[in-house]
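# Structure at a glance
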Amino acid sequence: MEGLFDHRRYLIPFRSGLLPQIFTDTLVIGGGAAGLRAAIAASAHAEVIVLLKGDARSTNTAWAAGGIAGVLGPDDTDESHVRDTLEAGAGACDEPAVRRLVGEAGARLRELLDWGMRVDRAPDGGPSLGREGGHAHARILHSGGDETGRELQHVLGERVRGLANVRLFERCFALDLITPGSEPGSPVMGAITHHPKYGLQVIWARSVILASGGAGVVYRETTNPPQATGDGLAMAYRAGATLADMAYVQFHPTTLYLAGASRALITEAVRGAGARLLDGSGRAFMADLHPLGDLAPRDIVAREIVRTIRRQGVSHVWLDCRGVADFPQRFPGLAALFRRFALDATRDLIPVHPAAHYMVGGVRTDADGRTDVPGLFAAGETSCTGVHGANRLASNSLLEGLVFGARAGHAAGRDASGTPANGRAPVPIVSDIRPSDLGELDLADVRSSLRSAMWKNVGIERSAQRLASAGEMLDFWARYTLDKIFDDPSGWETQNMLLAGALITRAAAWRRESRGCHWRDDCPDPVDALRVHDLWRRGRAEPATQVVVGAEVPA
Ligand SMILES: Cc1cc2nc3c(=O)[nH]c(=O)nc-3n(C[C@H](O)[C@H](O)[C@H](O)COP(=O)(O)OP(=O)(O)OC[C@H]3O[C@@H](n4cnc5c(N)ncnc54)[C@H](O)[C@@H]3O)c2cc1C
């Protein structure tokens, strides 16, 4: 039996020569902010194919509510945005990467305005900039109140559709990156994909950009849409790429907690406007727990909610928005959502609960999105560029997707156009895993068991004991799930979720400290010696290397 971490190289058996073949210069896996921005950049140099496993609306990008951070206001400075990002990252950011993010923000935001993105405007006609937790200045560009993500997805999608040398394949699922050898370091030559109409195909490419988003769905409670199953993390790991900082998962304190309401996010701005968290007996409990009360950092509020729920034996706490002036006008999206569940924020208390929100760790890249697998780049939530450190500053993730998506796109496109026609010519690739016992397996049950175990044991409060117990459970489920061969995305996603969950669990167990969004009950303080990136690669049970934080991987 293969262990969880030495899981076989490919999810399915195949012979590349027997499958339909498609050729391109640069293949982009993912059509959210990072993938689309990367495709636009790559198209300046090369032909591009973009894969989306769903449609254009099923991305984390389309669900983003708050906005995009960037210094546009007259009183704001890059230095201030850098400081806020480093502060949120709890001593674990790579400063050169942060400076690059902030320094290129203006150009990325201004081009969105040039491309026709509709943003909310101030009375003087300039963009109205919001302020969010952790930011010293108003620097959040937003659209339609809380519909920034939808507008961003639309604008980038239209731009890509207008490019003659970019093809967009919707509902096309990437199973695995293909490499001629199975050892780490073997170059990526494309991907094996599945489309409901065309079946399995091989897409050969001279460079590949992974922009497949996050992994929130490995947790029972999550703000993420259903496609965020960590496929890119698992694919990259199987192909031998290094993953970094996998313990860091950001939890959002307030999502709507009602049967039938997928954990819709209730933005921090509501608490910023005066809403208060109440416990089961109606007490505003944050006031005594932190000097900033309800506006304490996200991880602290999330932890205090979980503790209150456990102490009082209740299922959720309440958000009291009755003191927020003009709620329906200020938060039209939320007001409409509440109405669907017969709630009126000006009259009713809103039941809320924390949920997994953002994957901070991911596929380790340099400043141009290059991974340590030749030909493979990564951008957006699936990557780890070092900008977020141990915790992400609000609204920095769309920005990261735009800035590093553009950088990765240019580098991957240039590489592809510079590769001679025979430099990465397809070689026959054979995955000769034997079809295993295809016996009965209730996939939905494996998924829900995994998600519950991750939430209970690898969630907001972690400890050596809980992490060990989760590790054992995952290992056990892996024994009879990972050796199966599935023939549709739900099986492949479940296998990817098991691997992504196990990687998070293993890194969280290794990180014997509390830092940023990673909290350990048994080691509640940060440890100076652990101010390092932990780097994980296939076939190693301990981190491969630890790079001292701040020492950026050279471009
Ligand atoms: C509710 C919510 C609100 C948020 N609000 C904000 C905010 O206000 N500001 C902010 O900065 N960030 C916010 N975030 C975070 C931010 O939205 C994400 O980090 C960001 O959009 C990620 O972009 P991405 O391009 O990396 O991935 P995504 O936008 O998630 O795109 C991933 C793409 O990869 C594709 N894909 C995945 N797996 C496969 C596969 N196997 N084969 C083919 N395609 C695949 C998907 O179909 C999709 O097209 C929010 C997140 C959520 C969930």
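Scroll up to find the structure.
Nothing here was measured: the structure is a model prediction, and the numbers come from that model.

## Things to note about the site of the ligand
Around the ligand sit 38 residues, and of these Thr-61, Gly-66, Gly-67, Glu-381 and Ser-397 come closest. Within the side chain of Thr-61, a nitrogen or oxygen atom sits 2.5 Å from an oxygen atom of the ligand. Considering the ligand on its own, with 1,000 Å² of exposed area, one finds that the protein chains cover 98% of that surface. Among the secondary structure elements, those contributing two or more residues to the shell around the ligand are α1 (33-42), α2 (60-63), β9 (173-178), α7 (231-238), β17 (350-359) and α12 (396-418). Looking at the shell around the ligand residue by residue, the class counts come to 15 nonpolar, 19 polar and four charged.

## Observations regarding the sheet that holds strand β10 (residues 190-195)
Reading across the sheet, the four strands line up as β2-β11-β10-β9 and stay open at both edges, with mixed pairing between neighbours. Of all strands in the sheet, those bounded by a partner on one side alone are β2 (21-23) and β9. When strand polarity is set aside, the average angle formed by the axes of neighbouring strands in this sheet is 25°. Note: β9 against β10, five bridges, orientation antiparallel. Its bridge partner being in β10, Asp-176 is matched across the sheet by Ile-192.

## A word on the pattern of salt bridges
Using the criterion set out here, one finds 39 salt bridges in the structure. Arg-520 is the salt-bridge partner of Asp-522, the closest N and O atoms lying 2.9 Å from each other. Note on Asp-522: relative accessible area 37%, which makes it partly exposed. Each of Asp-55, Arg-57, Arg-161, Glu-170 and Arg-171 takes part in a single network of salt bridges with overlapping partners.

## What about helix α14 (residues 464-481)?
Between its first and last C-alpha, α14 extends 25 Å over 18 residues, near the 26 Å set by a 1.5 Å rise per residue. On its buried side, α14 packs onto α13 (443-457) and α15 (489-510).

Calculation criteria
Residues numbered from 1 in each chain as written. Predicted model: local features only at pLDDT ≥ 70, side-chain atom pairs only at ≥ 80, totals over all residues. Heavy atoms only, no water. Near = heavy atom within 4 Å. Polar contact = N/O pair within 3.5 Å; in protein donor to acceptor, adjacent residues only side chain to side chain. Areas by Shrake-Rupley, 256 points an atom, 1.4 Å probe, with all protein chains shown as cover. Helix = DSSP H or I, 4+ residues; strand = E, 2+ residues; numbered from the N terminus. Nonpolar A, V, L, I, M, F, W, Y, C, P; charged D, E, K, R; others polar. Pairing = 2+ DSSP bridges. Axes fitted to C-alpha atoms, helices over the stretch in contact; angles between N-to-C directions. Salt bridge = Lys/Arg side-chain N within 4 Å of Asp/Glu carboxyl O. Buried < 20%, exposed > 50% of the residue type's maximum accessible area, 1.4 Å probe, protein only. Expected span 1.5 Å × (residues − 1). Contact = heavy atoms within 4.5 Å.

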